[in-house]
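Summary of the model geometry
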Amino acid sequence: MPRSLSHASSPRTSRTVRRRTLRIAAAGLTAVAALTLTACGQDNPLRTGAAKPYNPVQQDAKGPADGTPDTGAGTPATGGSVAQGGARPAGGGAEQASAKDLRRTAPGAGAGSRAQGPGRGGNAPAVRHSACDAAKIRIVAQPLKRPVNHLLLVATNTSGATCDLYLAPYLRFDEAQAPLAELPDSKPQAVVTLAPGESGYAGVMTSSADGSGHNGRTMTSLSVSLPGRDGKGSIGGSAAVPIPGGSVYVDDSAWVTYWQSDANEATTW
């Protein structure tokens, strides 16, 4: 091969290679640019979205003025959340109990009920007062037409303080060694309490109407004592009580009822 031909083809070949390289580079840049434009026009799953402003709903720490939770219109006032679609969440029984507690503690709850203070009414525990003192109680005996052979004892509180009449009065006619027997069936459900000026009552059967009693005789004096809470001894000694008509016939069937708050209850036996 002649040297002139080999020398002449060398620069041409070099230029050809450079042109191809430039064309390849230009094609590569064009492809990259196209891909970049395509990516800018589509959503990029790797790109983080724009941050949205956070505006939390402010909660009122004080709650409604009436003290009950503000659950919104149509929302049950239960202690927990309510599941969507009307389904009850687990533990619904506990939430119902919480709702009852809330209603119970809410102002105005139980408007139909009344608070029971000390005394005889309601379920409030009875208040204990001092036992009535015979020296501060006026006791009188009244005759009764019905039932026959009966007396009615009336004990009126003449002191300035409330007191309790316990059990049955201790009655002795003349010089009897033991007080008159009490009638067990007449025991009331509660102790009789006397405010100043109030009275308690006890019925006395002096002798049996059918003549079943024995060892009867006429009595001309009567003394009455008031037992204490424990039924032992007496409070304030004994009071001499005049017998209606000056005397009464008493046999061994005689008895006295427990103290009653109503005269009719004392004369039903």
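Right above here is the structure, for reference.
Residues numbered from 1 in each chain as written. Predicted model: local features only at pLDDT ≥ 70, side-chain atom pairs only at ≥ 80, totals over all residues. Heavy atoms only, no water.

**Focus: the environment of arginine 138**
- With respect to the helices and strands, the residue arginine 138 is situated in strand E2 (residues 137-144).
- Measuring from C-alpha to C-alpha, the distance between arginine 138 and serine 199 comes to 9.2 Å, with 61 residues separating the pair along the chain.
- Every residue in contact with arginine 138, bar those within four places of it in the chain, is listed here: Val154, Ala155, Thr156 and Thr158. (Helix = DSSP H or I, 4+ residues; strand = E, 2+ residues; numbered from the N terminus. Contact = heavy atoms within 4.5 Å.)

**Side note on the sheet that holds strand E5 (residues 170-173)**
- Taken in spatial order, the 3 strands make up an open sheet running E5-E9-E10, and their pairing is antiparallel. Looking at strand neighbours, the two that pair on one side only are E5 and strand E10 (238-240), the edges of this open sheet. Strand after strand, the sheet turns through a mean of 25 degrees between neighbouring axes, direction not considered.
- For E5 and strand E9 (residues 222-225), the ladder comprises 4 bridges, and the chain directions are antiparallel. From the neighbouring strand, phenylalanine 173 faces E9, where its bridge partner is leucine 222. (Pairing = 2+ DSSP bridges. Axes fitted to C-alpha atoms, helices over the stretch in contact; angles between N-to-C directions.)

**Things to note about the pairing of strand E7 (residues 199-205)**
- Of all 7 residues making up E7, 6 are buried, and the element is well covered by its neighbours.
- In this structure, strand E3 (residues 150-157) lies alongside E7, joined through 7 bridges in antiparallel fashion. Residue pairing across strands places alanine 155 opposite glycine 200, the latter belonging to E7.
- Two strands pair when backbone bridges link them, and E7 and strand E12 (residues 255-256) are joined in this way by 2 bridges, in the antiparallel orientation. Bridge pairing in E12 links valine 204 to valine 256. (Buried < 20%, exposed > 50% of the residue type's maximum accessible area, 1.4 Å probe, protein only.)

**Structural notes on the sheet that holds strand E4 (residues 163-165)**
- Taken in spatial order, the 3 strands make up an open sheet running E1-E4-E6, and their pairing is mixed. Among the strands making up the open sheet, the edge pair consists of strand E1 (130-131) and strand E6 (192-194).
- When E1 meets E4, the two strands line up parallel, connected through 2 bridges. Counted as the bridge partner of alanine 131 is aspartate 164 from E4.

**Considering the state of the cysteines**
- Counted by the stated rule, this structure contains 1 disulfide.
- Note that cysteine 132 is cross-linked by a disulfide to cysteine 163, the S-S spacing being 2.1 Å. Linking cysteine 132 and cysteine 163, the disulfide has an S-S dihedral of approximately 85 degrees and is accordingly described as right-handed. A residue pair is termed long-range when its members are at least 10 positions apart, and cysteine 132 in the loop between E1 and E2 and cysteine 163 in strand E4 qualify at 31 residues.
- When its relative accessible area of 1% is taken as the criterion, cysteine 132 is described as buried. (Disulfide = S-S within 2.5 Å.)

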